[in-house]
Structures are given as C-alpha cells and as structure tokens.
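In case you want the letters, here they are:
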Amino acid sequence: LTTSSGAGDEGNLVALNSSGKIDATMMPAGVGADTCVVNASETLAAGDMVNIWDDAGTVKARKADATAAGKEVDGVVDAGVTSGAAATVIRDGTLAGLSGLTKGATYFLSTTPGAITATAPSTAGNVYQPVGKAKSATELMFELGEPITIGA
C-alpha cells in the first residue's frame, strides 16, 4: 500500500509512494507534517502562501499578502482548491515543485497575493516576513519568520 484508509488496511505492507516517501496517511496521529485543514475563502493554487483568518466566526484560508498588516503568512497550501473547499495548510517543512528559486537565497512574503519573492518588501506599511530559504531551484525550506510592518 502507498496510502492508508485506516483500520481496514491492517496487516498490509507499507510501500513508498511516487515521490519515494511514506505517505502521511501511514503515520500515526501527531507524527508527520504540521498541517491543518480549513475552508478556502477564495480559489487557491498549490503553493500559495495563505493567511488563516476569522470570517464571522468561521476560520478560513485566503492568499497572504504583504501590502498591509492583517494578511501575514500562516502556511502554504499543498494543492489547489476552489472557494469554499477544504484546503490543507502546511505550517513547516520542505516545499517541492517550485521553480526559479536561487539556491541559498532567503524568500519573503510578496505584495503579490499568495506569492513569495527574493526581494524583501520595503515600502512603508508593507509587511516584511521571511518564509524560508531555497534548498535548490525547485525546493524551499519553508519556515515562517515573524512578520514586521514597515514604518513610515
């Protein structure tokens, strides 16, 4: 098996998935990636940086944005979802499948919603928030930094 549906898979042997890793469904509760599942308040693409927010008492995910305080990065979505659908939000770990990263460069939340940039925002009112360091051109070691709103 490369994935598990629970107790019904008892006694089966574990096999690596297509990425050469043990699927998270094979791990016991509390072991594995730091994730949470929340509904999206807008369409999200795989790899979008997201902000977890309170929409009239309902926790939702939306694209993070460095243009102003209030939409700082809380995680990244692992797969694209439409508005209203459940999104899995990853809180730390290595993000693969990216492109155009500069190995060793630090990346920040961008003023483009959901995106990252190698150039830290510097305009007054923008949010400076590191999100990780590039391991290669396609992998980011995702680690949230403390958001700081840039003063005038």
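Before any of the text, the structure's been laid out above.
Residues numbered from 1 in each chain as written. Predicted model: local features only at pLDDT ≥ 70, side-chain atom pairs only at ≥ 80, totals over all residues. Heavy atoms only, no water.

Draft legend 1. Focus on the sheet that holds strand 8 (residues 116-117). With antiparallel pairing, five strands are arranged side by side in an open sheet as 6-11-10-7-8. In this open sheet, the two edge strands, each paired with only one partner strand, are strand 6 (93-95) and strand 8. (Pairing = 2+ DSSP bridges. Helix = DSSP H or I, 4+ residues; strand = E, 2+ residues; numbered from the N terminus.)

Draft legend 2. Molecular detail of the pattern of salt bridges. Counted by the stated rule, this structure contains one salt bridge. Here Asp-55 ties to Lys-60 by a salt bridge, and the two come within 2.7 Å at their closest N and O atoms. (Salt bridge = Lys/Arg side-chain N within 4 Å of Asp/Glu carboxyl O.)

Draft legend 3. Expanded view of the packing of aromatic side chains. For the coordinates displayed, the defined rule picks out one aromatic pair. One residue, Arg-62, lies across the ring of Trp-53, its end atom 4.4 Å from the ring centre. (Phe/Tyr/Trp six-rings, centres within 6.5 Å; stacked < 30°, edge-to-face > 60°. Lys NZ or Arg CZ within 6 Å of the ring centre and 35° of its normal.)

Draft legend 4. Structural detail: the nonpolar core. The biggest cluster of nonpolar side chains holds 16 residues, and the ones touching the most others in it are Met-49, Val-73, Tyr-107, Val-131, Leu-140 and Phe-142. Those elements that provide at least two residues to this core are strand 7 (106-109), strand 10 (130-134) and strand 11 (140-142). Beyond its immediate stretch of four places on either side in the chain, Leu-140 contacts Gly-93, Thr-94, Leu-95, Leu-98, Leu-101, Tyr-107, Ile-116, Val-131, Gly-132, Lys-133, Ala-134 and Lys-135. Listed in part, the nine residues of the second largest apolar core include Val-50, Val-81, Ala-87 and Val-89. (Core = buried A, V, L, I, M, F, W, Y, C linked by side-chain atoms within 4.5 Å. Buried < 20%, exposed > 50% of the residue type's maximum accessible area, 1.4 Å probe, protein only. Contact = heavy atoms within 4.5 Å.)

Remember that the coordinates give geometry; whether it matters functionally is a separate question.
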